[in-house]
Amino acid sequence: MTLNIRRRQLISADGLPSDLHPVLRRVLAARHISCTDDMSLEMQRLHAPSLLKGISGAVELLYQHLQQQNRLLIVSDFDADGATSCALGVRALRSMGFNNVDYIVPNRFEYGYGLTPEIVTLAQQGEPHLIITVDNGISSIEGVEAAHAFGIQVLITDHHLPGRELPLAEAIVNPNQTDCEFPSKALAGVGVIFYLMLALRARLRECNWFIEQQITEPNLADLLDLVALGTIADVVALDRNNRILVNEGLRRIRARKACPGILALLETGRRDVGNIVAADLGFAVGPRLNAAGRLDDMKLGIECLLTDDEHTAKAIAVRLDRINEERKVIETQMRDQALDTLQTIDLNAEQLPFGLCIYNTEWHQGVIGILASRIKDKLHRPVIAFADAGNGEVDTGVMAGSSATKNLAEPEIKGSARSIQGLHIRDVLDTIATRNPGLISRFGGHAMAAGLSIEKRHYERFASAFALEVGRLLNEEALQAVIVSDGELDAQELTLGMAQLLRDNGPWGQSFPEPLFDGVFRVMQQRLLADKHLKLVVSPQNNNTVLDAIAFNVPQGAWPRHDISELRLVYRLDVNEYRGKRNVQLLVEHIEPITAKPTS
């Protein structure tokens, strides 16, 4: 795969404060921060809850059930966004006086995704009066019907894209509904339930509920650690509204004003709580939490976020860490199998399809999403990884676009899709389903990630349809991987102070990327760590400054190269802390050999 380095276009920063460092001015301007007001991440600049379509009806529904102290049941998704959404909902509702709040999280291998009729049948054993979905439900048409058949009301909170038909729930809160005026369409599921709790607290305050019930009014900002974690882990776009939520959550975590579970997961991941950034939630906490839902039962992850006991939280965090290590082993085996299969294809040849499907009967369905992401990154094209649904039984989870009649006699396979910029993967699946009735059993998702189920016998036909549709929408240029740089830093800018300045002006993440720089460096030293990480000592051209650099997971056998004297690096400035000392370090994202050493 060819990778091109492209520098961001310089944008005028005239509207930004003149006393900002020039590097920070150009970085922020490139991310469309054009004035002082744009830089503000104060909580009062959050969009108003009232802008969410359906939120007033949802609040009144909750208020009615509160007055009667009815039984509420939260139905969660089985990823980190779902887990944080569930924990936030349980904590907030209980703090506002709901005495009968419980939750259930479907086992992905047994029940599939969302509010399915099977989950409703299981849920009704607890005789709930109201089911609240978090991070799911917008496509659960049959599930809502099943709930109504049992006399259970349903409140849906979700952020996934809706299908052509909505479930007939008593209330729906989703910023991606048609005609919803909420400006931020990028809210994660945890953000949606947080906004609903804000609106509910305002309603209870208005009717003097807290005073009359002698309940201390909860400070919902105490839950922003959960909002930050779910938002980062779900890799939603960090528009300003999400950046405000994440920034405040990070601030509270650094002050250790977070639930014991998040603190324990950070410590298990060997992160310094007092100095964490958004990436620590994404790479240290999110994967450990997600591992429970991928390989075991996400209830373990939710209990980690719900407990207020530090010892319990630490014990669960250790269990989640072990599960995550198991997940890594499975993922590595699956990735190697996939790459071995792809070795039969010349990856530079025309026969490699624009949209790639891969499938192995031995793959673990809980890890295929990560596998699809890894292969997508390697080949820079949309990828769908499939695994058997298990035991030849159909997963009856209902996703947007479900129109096929279920046939329990036909074994199904589940797919997890990952896309590249410029291709809306859920829309691709929608088009394929429309043009090929019955080919896809059900599907749902976002622009960059989606899930689907198909009958196993349809795999080859689907793979052809997927490659054809992606080829219709993308050209060869779109398949050329590009790494975008914020330009070059002068030697005097490669400092600990600059690294700290950039760190302090986050949070950085999806659609608000952490600054990347590029430049040519002389190679002073190079060696492998753990047989896969390249440790470098480099020096900028025409300067004697010496810097540490590290490139993680370099291609096996490719490095070190002692015949190379100069490299072009694309890197992030990082603050490396070791034994109480803080130094600047280059975190290398891409390496290109420039000059070979002369031979004697």
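Residues numbered from 1 in each chain as written. Predicted model: local features only at pLDDT ≥ 70, side-chain atom pairs only at ≥ 80, totals over all residues. Heavy atoms only, no water.

## What to know about the overall build of the protein
Phase 1 of the analysis: Of regular secondary structure, the protein possesses 18 helices and 17 strands.
Phase 2 of the analysis: Computed over the C-alpha atoms, the radius of gyration of the protein is 25 Å, within 12% of the 25 Å expected from 2.2 N^0.38 for a compact globule of 600 residues.
Phase 3 of the analysis: Across its three principal directions, the C-alpha atoms of the protein cover 85 × 60 × 45 Å.
Phase 4 of the analysis: Burial analysis of the protein (600 residues in total) assigns 56% to the buried set.
Phase 5 of the analysis: Restricting to contacts in the protein with at least 6 residues of sequence separation, those with at least 24 account for 70%.
Phase 6 of the analysis: Entry remark: accessible area of the protein is about 26400 Å², with carbon and sulfur atoms responsible for 46%. (Helix = DSSP H or I, 4+ residues; strand = E, 2+ residues; numbered from the N terminus. Rg over C-alpha atoms; globule rule 2.2 N^0.38 Å. Buried < 20%, exposed > 50% of the residue type's maximum accessible area, 1.4 Å probe, protein only. Contact = heavy atoms within 4.5 Å. Areas by Shrake-Rupley, 256 points an atom, 1.4 Å probe, with all protein chains shown as cover.)

## A look at the packing of aromatic side chains
Phase 1 of the analysis: Under the defined criterion, the tally for this structure stands at eight aromatic pairs.
Phase 2 of the analysis: Taken together, a centroid distance of 5.4 Å and an interplanar angle of 45° make the contact between Tyr359 and Tyr459 tilted. In this pair, Tyr359 is assigned in strand β7 (residues 356-359) and Tyr459 in helix α17 (residues 459-473), connecting sequence segments 100 residues apart.
Phase 3 of the analysis: Relative accessible area serves as the criterion here: at 22%, Tyr359 is assigned to the partly exposed category. (Phe/Tyr/Trp six-rings, centres within 6.5 Å; stacked < 30°, edge-to-face > 60°.)

## Here's the deal with the packing of helix α4 (residues 80-95) against helix α13 (residues 299-306)
Phase 1 of the analysis: Viewed as axis vectors pointing N to C, α4 and α13 meet at an angle of 45°, and their least axial separation amounts to 9 Å. With respect to their mutual orientation, α4 and α13 come out oblique. The handedness of the crossing between α4 and α13 is right-handed. Where α4 approaches α13, its residues Ala83, Thr84, Cys86, Ala87, Val90 and Arg91 are matched on the opposing element by Ile302, Leu305 and Leu306. (Axes fitted to C-alpha atoms, helices over the stretch in contact; angles between N-to-C directions. Parallel < 35°, antiparallel > 145°, perpendicular 65-115°, else oblique. Left-handed = near helix turned anticlockwise from the far one by under 90°.)

## Some details on the confidence of the model for the protein
Phase 1 of the analysis: On average, residues of the protein carry a pLDDT of 90, and 93% of them reach 70 or more.
Phase 2 of the analysis: Within the model, pLDDT remains below 50 along residues 391-408, and this stretch shows 49 contacts once partners closer than five positions in the same chain are excluded. (pLDDT = per-residue confidence, 0-100.)

## Points about the sheet that holds strand β10 (residues 442-445)
Phase 1 of the analysis: A sheet is described by the order of its strands in space; here five strands give the open sequence β7-β8-β9-β11-β10, paired in mixed fashion. Each edge of the sheet is formed by a strand with only one pairing partner; in this case those strands are β7 and β10. Going across the sheet, the axis of each strand differs from the next one's by a mean of 20°, ignoring polarity.
Phase 2 of the analysis: Note that β10 and strand β11 (residues 449-455) share four bridges and pair antiparallel. Considered in β11, the bridge of Gly444 is made with Gly451.
Phase 3 of the analysis: Sheet strands in contact with helix α16 (residues 425-435) are β8 (383-388), β9 (412-418), β10 and β11, and its direction is about 160° off that of β10.
Phase 4 of the analysis: Those strands touched by α17 are β7, β8, β9 and β11, and its axis lies near 155° from that of β7. (Pairing = 2+ DSSP bridges.)

## Description of the pattern of salt bridges
Phase 1 of the analysis: All chains considered together, the criterion is met by 34 salt bridges.
Phase 2 of the analysis: A salt bridge links Arg45 to Asp37; the nearest nitrogen and oxygen atoms lie 2.6 Å apart.
Phase 3 of the analysis: One salt bridge connects Asp548 with Lys535, and the closest N-O pair in it is separated by 3.9 Å. In this pair, Asp548 is assigned in strand β15 (residues 547-551) and Lys535 in strand β14 (residues 533-540), connecting sequence segments 13 residues apart.
Phase 4 of the analysis: Taking relative accessible area as the criterion, Asp548 reaches 34% and is therefore assigned partly exposed. (Salt bridge = Lys/Arg side-chain N within 4 Å of Asp/Glu carboxyl O.)

## Comments concerning the environment of Thr231
Phase 1 of the analysis: Mapped onto the elements of the fold, Thr231 is located in helix α9 (residues 224-233).
Phase 2 of the analysis: Spatially, the C-alpha atom of Thr231 lies 36 Å from that of Arg461, the residues being 230 residues apart in sequence.
Phase 3 of the analysis: Discounting residues that sit within four places of it in the chain, Thr231 has contacts with Ala188, Val190, Val236, Leu238, Asn242 and Val246.

## Observations concerning the pairing of strand β5 (residues 153-157)
Phase 1 of the analysis: Burial analysis of β5 places four of its five residues in the buried class, which makes it a mostly covered element.
Phase 2 of the analysis: When strand β4 (residues 130-134) meets β5, the two strands line up parallel, connected through five bridges. Directly across from Thr133, in β5, lies its bridge partner Ile156.
Phase 3 of the analysis: Assessed by its sense of winding, the connection that carries the chain from β4 through helix α6 (residues 141-149) to β5 is right-handed.
Phase 4 of the analysis: As paired strands, β5 and strand β6 (residues 171-173) are joined by three bridges and run parallel to one another. Note on β6: the bridge partner recorded for Thr157 is Val173. (Right-handed = clockwise from strand over helix to strand, strands pointing away.)

## Considering the nonpolar core
In globular proteins that are soluble, nonpolar side chains generally tend to be buried together.
Phase 1 of the analysis: Core analysis: the biggest nonpolar cluster contains 151 residues, and Leu62, Met197, Ile375, Leu573 and Leu586 have the highest contact counts within it.
Phase 2 of the analysis: With eleven residues, helix α7 (residues 189-206) is the largest single contributor of residues to this core.
Phase 3 of the analysis: If we skip the residues at most four places from it in the chain, Ile375 touches Arg335, Ala338, Leu339, Leu342, Leu356, Ile358, His380 and Val383.
Phase 4 of the analysis: Listed in part, the 27 residues of the second largest apolar core include Cys357, Ile425, Ile432 and Ala463. (Core = buried A, V, L, I, M, F, W, Y, C linked by side-chain atoms within 4.5 Å.)

## Here we look at the pairing of β15
Phase 1 of the analysis: Within β15, four of the five residues are buried, which leaves it mostly tucked inside the rest of the structure.
Phase 2 of the analysis: In this structure, β14 lies alongside β15, joined through five bridges in antiparallel fashion. By the bridge assignment, Leu536 is partnered in β15 with Ala549.
Phase 3 of the analysis: A loop of six residues connects β14 with β15, the two strands running antiparallel in sequence, and Asn542 in this loop sits at a positive phi of about 60°.

## Section: the packing of α16 against α17
Phase 1 of the analysis: Close contact between α16 and α17 brings their axes to 10 Å; oriented N to C, the two are set at 120°. Relative to α17, the element α16 is oriented oblique. Note that α16 runs across α17; the crossing there is right-handed. On α17, the residues that touch Ile425, Val428, Leu429, Thr431, Ile432 and Arg435 of α16 are Phe462, Ala465, Phe466, Glu469, Val470, Arg472 and Leu473.
Phase 2 of the analysis: The residue makeup of the contact of α16 with α17, split by class, is nine nonpolar, one polar and three charged. (Nonpolar A, V, L, I, M, F, W, Y, C, P; charged D, E, K, R; others polar.)

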